Every structure is written in structure tokens, then in C-alpha cells.
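Examining the three-dimensional arrangement
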Amino acid sequence: MPLRIAVLARQAWCFALVGLLATIVHISVFAGLFELLRIPPLIANSAAFLLAFSVSFAGQSAWTFRAQIDDRGLTVIHLVRFLCTSLVGFGINTLIVYVIVMRLGASSLLALPLMATLAPVAVFALNKWWVFRDDRQAVGTAPGNRAARPRVR
């Protein structure tokens, strides 16, 4: 297997595992806050989303795409791009639900396979080639050329 395919396969596997962990965190936190502590559902879901988002960003940046982060480390730009990418995934899933359930009147079970494939593939591609791309390669700058960027701490 060529090296590029092996790297892509490893990243896809890591991406899926981090996504699964973030999903488990989201569901668990929501269930705990709503079912056990009786926190209103929208507040519980918001808190669960924020924690799952943090788990996802930490996992994707530190494990899945770590080799693509250049010597400047994580920046605010990475975080903003990651948020935008997460919103794109949400938009894709919302569109799928809207078309299949609301417009076509089909069962939500028909939407699930598309939601489980289309959004993750799009989000993976955006993470790999936009969020965590090595800007030195994107613009052809030398590794020693450090542009000043704010770091995420």
C-alpha cells in the first residue's frame, strides 16, 4: 500500500474513533444532565455539545491530524476553522433530515445511513485539507519561516 494511502487510512480510522468518542461524550453528558439532574433539554444539549466539541477538537488535532500541524502548533485559526467545519457537518445532516423526513415524508430511519456517511466524509475532508493543513505546504513557505499567529492554549 503506498504511503499516502496508508496515512489517509490511518487518519480516517483515527477520525472515526475520535468521532465515536465525542458522540459517546455528547450522549452521556446530555443523558446525565437531562435525565438525572433534570436540567432543561436545550441547556443540557448545549453543554453536551460544547464538551463533545472540545473532545473532538482535542482528539482530531492531537491524534488524527497531528503530523499536519506545523511547528507553530495550534492556532486560533485552527479552532475557528474546526468550528466552521462542525457547522458544515450539522448543516449537511439538517439538509438530509429536511429532504428525507420533511419534504419526502419518509421515515427518519432512511436518513440515518446518509447522515452517518455524507457528513463525516465531508467533515473529514475539510479537516484534512483545510482545518489542519500545513500552511507551509499550502503557500510554499519554508519550515523556518514562522509567521506570528496567536496560539490556542
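What counts and what doesn't
Residues numbered from 1 in each chain as written. Predicted model: local features only at pLDDT ≥ 70, side-chain atom pairs only at ≥ 80, totals over all residues. Heavy atoms only, no water. Helix = DSSP H or I, 4+ residues; strand = E, 2+ residues; numbered from the N terminus. Axes fitted to C-alpha atoms, helices over the stretch in contact; angles between N-to-C directions. Parallel < 35°, antiparallel > 145°, perpendicular 65-115°, else oblique. Left-handed = near helix turned anticlockwise from the far one by under 90°. Contact = heavy atoms within 4.5 Å. Nonpolar A, V, L, I, M, F, W, Y, C, P; charged D, E, K, R; others polar. Salt bridge = Lys/Arg side-chain N within 4 Å of Asp/Glu carboxyl O. Buried < 20%, exposed > 50% of the residue type's maximum accessible area, 1.4 Å probe, protein only. Phe/Tyr/Trp six-rings, centres within 6.5 Å; stacked < 30°, edge-to-face > 60°. Expected span 1.5 Å × (residues − 1). pLDDT = per-residue confidence, 0-100.

1. Description of unusual backbone geometry
If you check the backbone angles, Arg 38 has positive phi at about 60° while not being a glycine. Here Arg 38 lies in the loop between helix H1 (3–36) and helix H2 (41–64).

2. Quick look at the packing of H1 against helix H4 (residues 108–131)
For the pair H1 and H4, interaxial distance at closest approach is 11 Å and the crossing angle is 120°. Taken together, the axes of H1 and H4 are oblique relative to one another. The two elements H1 and H4 meet at a crossing, and its hand is right-handed. Across from Leu 8, Gln 11, Ala 12 and Phe 15 in H1, the residues of H4 making contact are Pro 120, Val 123, Phe 124, Asn 127, Lys 128 and Trp 129. Tallied by class, residues from the contact of H1 with H4 come to 7 nonpolar, 2 polar and 1 charged.

3. Topic: the pattern of salt bridges
Close approach of charged atoms lets side chains of opposite charge pair. Per the stated rule, a full pass over the model turns up 1 salt bridge. The residue Glu 35 makes a salt bridge to Arg 38 at a minimum N-O spacing of 3.9 Å. Judged by its relative accessible area of 44%, Glu 35 is partly exposed. For Arg 38, a relative accessible area of 60% puts it in the exposed group.

4. Some words on the packing of aromatic side chains
Applying the stated criterion to the full structure yields 9 aromatic pairs. Considering the side-chain rings of Phe 65 and Phe 124, the 5.7 Å spacing of their centres and the 40° angle between planes classify their relative orientation as tilted. In this pair, Phe 65 sits in the loop between H2 and helix H3 (76–103) while Phe 124 sits in helix H4, placing the two residues 59 residues apart along the sequence. Exposure remark for Phe 124: the relative accessible area of 11% places this residue in the buried category. When the ring of Phe 65 is compared with that of Phe 132, the centres are 5.4 Å apart and the planes differ by 15°; the resulting orientation is stacked. Within this pair, whereas Phe 65 is found in the loop between H2 and H3, its partner Phe 132 is found in the loop between H4 and helix H5 (135–139), the two being separated by 67 residues in sequence.

5. Some thoughts on the side chain of Asn 127
Its place among the elements puts Asn 127 in helix H4. The residues touching Asn 127, leaving out its near neighbours within four places in the chain, are Phe 15, Phe 65, Phe 82, Thr 85, Phe 132 and Arg 133.

6. What about H1?
Across its 34 residues, H1 extends 48 Å between first and last C-alpha, which sits within 8% of the 50 Å expected from 1.5 Å per residue. For H1, the set of buried residues is Gln 11, Cys 14, Phe 15, Val 18, Ala 22, Val 25, Gly 32 and Leu 33. Check the buried side of H1 and you find it contacts H2 and H4. Downstream of H1 by one or two residues, Arg 38 has phi in the positive range, about 60°.

7. What about the confidence of the model for the protein chain?
In this model, the protein chain carries a mean pLDDT of 88, and residues with pLDDT of at least 70 account for 86%. H1 holds the highest mean pLDDT among the elements of the protein chain, 96, whereas H5 holds the lowest, 57. Throughout residues 141–149 the model reports pLDDT below 50, and contacts reaching past four residues in sequence, or to other chains, amount to 11 contacts.

8. With respect to the packing of H1 against H2
Where H1 contacts H2, the two axes come as close as 8 Å, and the packing angle between them is 155°. Judged by the angle between their axes, H1 and H2 are roughly antiparallel. In the crossing of H1 with H2, the sense of the turn from one axis to the other is right-handed. Across the contact of H1 with H2, the residue classes tally to 20 nonpolar, 8 polar and 1 charged.

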